[in-house]
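Coordinate inspection notes
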Amino acid sequence: FIFHTLPHSMSAMEVCEPKQQQQPRPRILTAEERQQQEAAFAREQLHESSSLLSQAVSPCRQFLVCGSNYGIIYLWRLGEAVDEQQDSAAIYSFRAHDSAVYDLQTFGNSLVSASTDVRVWCWKSIISMAEKELRVTSPLLFSRSRTGASETNRVRVDEKRKELYMACGNGHAFILDLETLQRKATLEGHTDSVLALAALPRSGRIATGSEDGTCKLWDSRAAHPCVATLTPPTDTVSASGPSSAGASTSAAAPESKAKWVSCVAVDDDETWLACGGGPPVCLWQLRSCTLTTSLVSSERIGHPQHVMFVSDGLQTCGRDKFINYWGMNGQLRSRGCTNHRSVFSMLQTDHDGYSVTTVCGSNPFVDVFLNPGFPTVKLTLA
């Protein structure tokens, strides 16, 4: 017999038990890796809590930009996403403002963004930076800071007159020179924040909607710029009489706290004006300033936040998840369902001969409608 003696440091029990494999120690991240990890986490949190408030399409109609509540502008290849009918992530983003981007407008080869200040960007430079082309200059062309004034809620452009119109939170609307962003005129008359704006390039007029419950028509060339004041009623109404210059037009309606006007639109022929917000959207005949109908329905419809004219009627959206399609007679034709709890902005553009509607709202993505019912494509932030 051969006997093997155990080392003094080992017992018989230790020999019988299998030896456990030692777990490797976690690698300690470098300072640079830790910063990258924290930045990635911060971006993820930012994306999840973002809402998209405004949008604009590029001059070539192949790209879409949206402005967020954090002052960031995101860029997508809209044409490619529509052609492939597949969800797509933003290809580029940059911080445009220190606070929310309330509105975006394309004119020529430039992009206007509105926040607590107004900035003009070069579309070509934005796209080039997204494509990671070298030797690209900054896309920022002009910046107009309005010290002492509050946010700019809406901007519109009249390229023929080379003017930029601004609706601001201090109750004023401003007319700026489009090339220099120098102020040309101040439109005073609202008693509360100006929330909505529409340009009438044929007549050279401007329509504004305010939290004071009125929609005003302006002509900066007139001795008294405010040529009419329209007051949307808060109930279903019949038409009322015409308004003289500077006079108020409204149908009999009970007092209501929900009186703000947050959306205004004018058709291409400048025959009709639609406005609403606290009250339902109302349709006015512009020449006579006559109220013709209110867009009301037996369906439960949230307060409107955006209205636009389409080829055969109007589209509205607001504080619910629906897009509403109306006839010019005020009848609700159909409804489309979005993926947002609240819808802030709609944009309709043509792509290869058919209509594409993009919808921004409370969630961090864009719904793309190729048909009226449900969104076909989703554009995400990441």
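Read on for a plain summary of the structure. (Residues numbered from 1 in each chain as written. Predicted model: local features only at pLDDT ≥ 70, side-chain atom pairs only at ≥ 80, totals over all residues. Heavy atoms only, no water.)

**Let's talk about the overall build of the protein**
Note the cut-off: A run of H or I in DSSP counts as a helix once it spans at least four residues, and a run of E counts as a strand once it spans at least two, with each numbered from the N terminus. Buried, partly exposed and exposed residues are distinguished by accessible area as a fraction of the type maximum, computed with a 1.4 Å probe on protein chains only: under 20%, between the cut-offs, and over 50%, respectively. Contacts between residues were defined by any pair of non-hydrogen atoms, one from each residue, lying within 4.5 Å. The method behind every accessible area is Shrake-Rupley, applied with a 1.4 Å probe, and residues are considered shielded solely by the protein chains displayed.
Along the protein, the regular secondary structure elements total 4 helices and 30 strands. Here the protein, with 382 residues, has 49% of them falling under the buried criterion. Look at the contacts in the protein between residues 6 or more apart in sequence, and 44% of them connect residues 24 or more apart. For the protein, the exposed surface amounts to about 19,700 Å²; the carbon and sulfur share of it is 49%.

**So, the environment of Pro-225**
Relative to the elements of secondary structure, Pro-225 occurs in the loop between strand S16 (215-218) and strand S17 (226-230). Relative accessible area serves as the criterion here: at 28%, Pro-225 is assigned to the partly exposed category. Expressed as a C-alpha distance, the spacing of Pro-225 and Thr-186, which sit 39 residues apart in the sequence, is 9.6 Å. Not counting the four nearest positions on each side in its chain, Pro-225 is found in contact with Leu-187, Leu-217, Trp-218 and Asp-219.

**A few points about the sheet that holds strand S3 (residues 72-77)**
Let me state the cut-off plainly: The pairing criterion for strands is at least two bridges between them, as found by DSSP. Note on definitions: angles span 0 to 180 degrees between N-to-C directions of axes, and those axes are lines fitted to C-alpha atoms, for helices only across the stretch in contact.
Spatially, 4 strands are ordered S1-S2-S3-S5 in an open sheet, and the strand pairing comes out antiparallel. Every interior strand has two partners, whereas the edge strands, strand S1 (52-57) and strand S5 (92-95), have only one. Shown here is a sheet whose adjacent strand axes are inclined to one another by a mean of 20°, direction ignored. Across 5 bridges, the pairing between S1 and strand S2 (residues 63-68) is antiparallel. Counted as the bridge partner of Gln-55 is Cys-66 from S2.

**A few points about unusual backbone geometry**
Positive phi, normally seen in glycine, also occurs at Gln-85, with a value near 50°. Looking at where Gln-85 falls in the secondary structure, it is placed in the loop between helix H3 (78-84) and strand S4 (88-89). The phi dihedral of Asp-352 falls on the positive side, at around 55°, and the residue is not glycine. With respect to the helices and strands, Asp-352 occurs in the loop between strand S27 (343-351) and strand S28 (354-361). Residue Asp-352 is classed as exposed on the basis of its relative accessible area, which comes to 62%.

**A closer look at the sheet that holds strand S21 (residues 282-285)**
Strands sit in the order S19-S20-S21-S22 across an open sheet of 4 strands; the sheet is antiparallel. The sheet is open, and its two borders are formed by strand S19 (261-266) and strand S22 (290-294), each paired with just one other strand. If you compare each strand with its neighbour and ignore which way they point, the axes differ by 25° on average. Here S21 pairs with S22 via 4 bridges, running antiparallel. Following the sheet pairing, Leu-283 is matched in S22 by Thr-293.

**Looking at the environment of Arg-161**
With respect to the element layout, Arg-161 can be found in the loop between strand S10 (152-158) and strand S11 (163-168). Looking at Arg-161, the relative accessible area reads 27%, which means it is partly exposed. With 43 residues separating them along the chain, Arg-161 and Gly-204 place their C-alpha atoms 8.3 Å apart. The contact partners of Arg-161, leaving out residues within four places of it in the chain, are Pro-201, Arg-202, Ser-203, Gly-204 and Arg-221.

**Details of the nonpolar core**
Formally: In this description, a nonpolar core means a group of buried Ala, Val, Leu, Ile, Met, Phe, Trp, Tyr and Cys residues linked to one another through side-chain atoms lying within 4.5 Å.
One finds Ala-207, Leu-217, Val-264, Leu-273, Cys-275 and Trp-284 to be the most contacted residues of the largest nonpolar core, which totals 19 residues. Aside from chain neighbours lying at most four places away, what touches Ala-207 is Ala-196, Leu-197, Ala-198, Leu-200, Lys-216, Leu-217, Val-264 and Leu-273. Counting residues in hydrophobic clusters, the runner-up holds 18 residues, among them Tyr-74, Trp-76, Ala-81 and Val-377.

**Re helix H4 (residues 123-130)**
For H4, the buried fraction is high: 6 of the 8 residues fall into the buried class. Buried residues of H4: Trp-123, Ser-125, Ile-126, Ile-127, Ser-128 and Ala-130, and no others. Among the residues trailing H4, Lys-132 stands out with phi positive, at a value near 60°.

**Quick word on the side chain of Arg-156**
Spelled out, the test is: Whenever two N or O atoms come within 3.5 Å, that pair is a polar contact, provided that in protein one can donate a hydrogen and the other can accept it, and provided that, for residues adjacent in sequence, both atoms are side-chain atoms.
Inspection of the secondary structure puts Arg-156 in strand S10. Among the polar contacts listed, one links the side chain of Arg-156 to the side chain of Asp-103, at a separation of 2.8 Å. If we skip the residues at most four places from it in the chain, Arg-156 touches Asp-103, Gln-105, Glu-163, Leu-164, Tyr-165, Leu-197, Ala-198 and Ala-199.

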